[in-house]
Amino acid sequence: MTSFDVAIVGGGLAGCSAALHARLKGASVILLERGRCGAQASGVNYGGVRQQGRHPAELPLACRSRRIWGRLAELVGSDCEFTATGHLKLARNDADMQSLLAYRDIARDHGIDLEILSAADLRSRYPYLAGGYSGASLCAADGQANPRLVAPAFARKAKELGAIVREQCELEQAEKVATGFRLSVKGETQAIKARRLINTAGAWGARIARWFSDDVDEQVMAPNMCVTEPVAPLIGPNLGICGGSIYLRQTQNGSVVFGAGLGIADAGCLRARPLADVSMDAARAAVAMVPQLTNVLVVRTWTGIEGRMPDGLPVVGKSPKTEGLFHAFGFSGHGFQLGPAVGAVLAELCLDGTSPTPIDGLSLARFDPVPSSAAASSI
Ligand SMILES: Cc1cc2nc3c(=O)[nH]c(=O)nc-3n(C[C@H](O)[C@H](O)[C@H](O)COP(=O)(O)OP(=O)(O)OC[C@H]3O[C@@H](n4cnc5c(N)ncnc54)[C@H](O)[C@@H]3O)c2cc1C
């Protein structure tokens, strides 16, 4: 078949989830992935599944995603090592405590429970933490998963249900035609046709959006990651800190994964690398947070290529200019948790014309130039 209800470009978590959800709605689906599904940002990230601390514009998506994370086994046949270990956000001082208290109210409006802990609570509940924190906020429903497993699991299930998943297949150009979209794949002469096009191309999403004059400035970022040798179970919740520097978790096999700072990435040649100095600083910050890590060996450092938007929020929604085109890219370092719901929402927008999950603050139209007062008054 060369004609589909929905074509998806980009087999990261957002695209693989969109493929599955569109298939569940009965659409014929083709997903085109230049490399392997989940081999870019979705497969190499830190693995944090965190609602706490997100911008309010993302919270409806984050809450919906959390519900999907909780039923992954039923949906894709594997829990992908998702565990609700909790997410503990540490306060460095009284001002941080005030911001955690204020955020608790925002989270409550979205049905997310945050427990505020004092310094004494921290000492008794998490004795492995260094002293000196003023307190923390705990989101017990948050947790972690194995990023290597998740996007491929969605792709496998979509395929099992009849989606065409084409790996090693690069979309070279796409254009709007009367019946929808005409897609040209690198090295192939026969075009693919689709009624709807979903752009989930990650750090390359803006490039595809530009083919349709949806111009937006997407940069790249490369969070610097480290992992240690396995150690005996030590750390409970996934740890973060106000101000967002170090973040740290322990996996089921005992390895401690932590991240802080940025490596370097080149989206053009698909290369990203961590930086030794950044990794050293991250290791120092990890030990400052959990002193028992002092003599634990770091066995690997890495990073990945992630798209970053000017305001740090992703683009999710329909194209402002082209009927039938939908975008979700530029997740700015925090799209792993959102991925499952992003796919569900894209499938709804695409096939039902609307989604029950509010995504108003994430529209690409937010980057449209604001008319100057002179121009506005002349209208
Ligand atoms: C090191 C690191 C740590 C992170 N930690 C976290 C975290 O703990 N929690 C969290 O929530 N988020 C985290 N993130 C962010 C998260 O990983 C990303 O936001 C998310 O995976 C983006 O998913 P995606 O599907 O949009 O993009 P991607 O996973 O990048 O997928 C896009 C896909 O599109 C394909 N593609 C592009 N152009 C074409 C084309 N022309 N034809 C065919 N295919 C194409 C690419 O090959 C790629 O596979 C982290 C990111 C990194 C890099």
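Scroll up for the structure.
Below is a short write-up of the structure. Keep in mind it's a predicted model, so treat the numbers as computed, not measured. (Residues numbered from 1 in each chain as written. Predicted model: local features only at pLDDT ≥ 70, side-chain atom pairs only at ≥ 80, totals over all residues. Heavy atoms only, no water.)

1. Quick notes on the overall build of the protein chain
Okay, so step 1: Within the protein chain, the regular secondary structure consists of eleven helices and 22 strands.
Okay, so step 2: Against the 2.2 N^0.38 benchmark of 21 Å for 379 residues, the protein chain shows a C-alpha radius of gyration of 21 Å, consistent with a compact globule.
Okay, so step 3: Principal-axis analysis of the C-alpha atoms gives the protein chain an extent of 65 × 55 × 40 Å.
Okay, so step 4: Taking all 379 residues of the protein chain together, the buried fraction comes to 53%.
Okay, so step 5: Considering only contacts within the protein chain whose residues lie at least 6 apart along the sequence, 73% involve residues at least 24 apart.
Okay, so step 6: Carbon and sulfur atoms make up 51% of the accessible area of the protein chain, which amounts to about 16,300 Å² in all.
Okay, so step 7: The average position of the 38 basic charges and that of the 35 acidic charges among the side chains of the protein chain differ by 4 Å. (Helix = DSSP H or I, 4+ residues; strand = E, 2+ residues; numbered from the N terminus. Rg over C-alpha atoms; globule rule 2.2 N^0.38 Å. Buried < 20%, exposed > 50% of the residue type's maximum accessible area, 1.4 Å probe, protein only. Contact = heavy atoms within 4.5 Å. Areas by Shrake-Rupley, 256 points an atom, 1.4 Å probe, with all protein chains shown as cover. Lys, Arg positive; Asp, Glu negative; His and termini not counted. Charge placed at Lys NZ, Arg CZ, Asp CG, Glu CD.)

2. Focus: the pattern of salt bridges
Okay, so step 1: Applying the stated criterion across every chain, the model contains 14 salt bridges.
Okay, so step 2: K25 serves as the salt-bridge partner of D352, at 2.7 Å between the closest nitrogen and oxygen. With D352 in helix α10 (residues 339-352) and K25 in the loop between α1 (13-24) and β2 (29-32), the pair connects residues that are 327 residues apart, well separated along the chain.
Okay, so step 3: Relative accessible area serves as the criterion here: at 43%, D352 is assigned to the partly exposed category.
Okay, so step 4: For K25, a relative accessible area of 40% translates into the label partly exposed.
Okay, so step 5: With a shortest N-O distance of 2.6 Å, R64 and E348 are connected by a salt bridge. Pair noted here: R64 is in helix α3 (residues 59-70) and E348 is in helix α10, with a separation of 284 residues, a long-range link. (Salt bridge = Lys/Arg side-chain N within 4 Å of Asp/Glu carboxyl O.)

3. Some thoughts on the site of the ligand
Okay, so step 1: Around the ligand, the surrounding shell holds 36 residues, and the nearest of these are E33, S42, G48, E306 and G335.
Okay, so step 2: Taking G12, its main chain carries an N or O atom lying 3.5 Å from an oxygen atom of the ligand.
Okay, so step 3: In the model, a nitrogen atom of the ligand is placed 3.2 Å from a nitrogen or oxygen of the Y46 main chain.
Okay, so step 4: Coverage of the ligand by the protein amounts to 97% of the 1,000 Å² it exposes when considered alone.
Okay, so step 5: Those elements that place two or more of their residues in the shell around the ligand are α1, α2 (41-44) and β13 (223-228).
Okay, so step 6: The element contributing the most residues to the shell around the ligand is α2, with three residues.
Okay, so step 7: Across the shell around the ligand, the residue classes break down as 16 nonpolar, 15 polar and five charged. (Near = heavy atom within 4 Å. Polar contact = N/O pair within 3.5 Å; in protein donor to acceptor, adjacent residues only side chain to side chain. Nonpolar A, V, L, I, M, F, W, Y, C, P; charged D, E, K, R; others polar.)

4. Thoughts on the nonpolar core
Okay, so step 1: In terms of nonpolar packing, the biggest core is built from 51 residues, with I8, V29, L61, W69, F154, I198 and V342 touching the most fellow members.
Okay, so step 2: Elements supplying a minimum of two residues to this core: β1 (3-9), α1, β2, α3, α4 (72-76), α7 (147-160), β22 (325-329) and α10.
Okay, so step 3: Ranked by residues supplied to this core, first place goes to α10 with eight residues.
Okay, so step 4: For W69, the contacting residues outside a window of four places in its chain are L13, V49, F82, A145, V150, F336, Q337 and P340.
Okay, so step 5: In this structure, Y128, Y133, L239 and V256 belong to the second largest nonpolar core, which totals 26 residues. (Core = buried A, V, L, I, M, F, W, Y, C linked by side-chain atoms within 4.5 Å.)

5. Re helix α9 (residues 276-289)
Okay, so step 1: With 14 residues, α9 extends 20 Å from end C-alpha to end C-alpha; this agrees with the ideal 20 Å at 1.5 Å per step.
Okay, so step 2: V278, S279, A282, A286 and M289 are the residues of α9 that are buried. Across the axial projection of α9, the buried residues extend over an arc of 95 degrees, all falling on one side. Away from its buried face by more than 90 degrees, α9 exposes A276, D277, R284 and A288.
Okay, so step 3: On its buried face, α9 sits against β4 (87-91), β13, β14 (238-241), β15 (247-250), β16 (256-262) and β19 (298-302). (Expected span 1.5 Å × (residues − 1). Arc of directions from axis to C-beta.)

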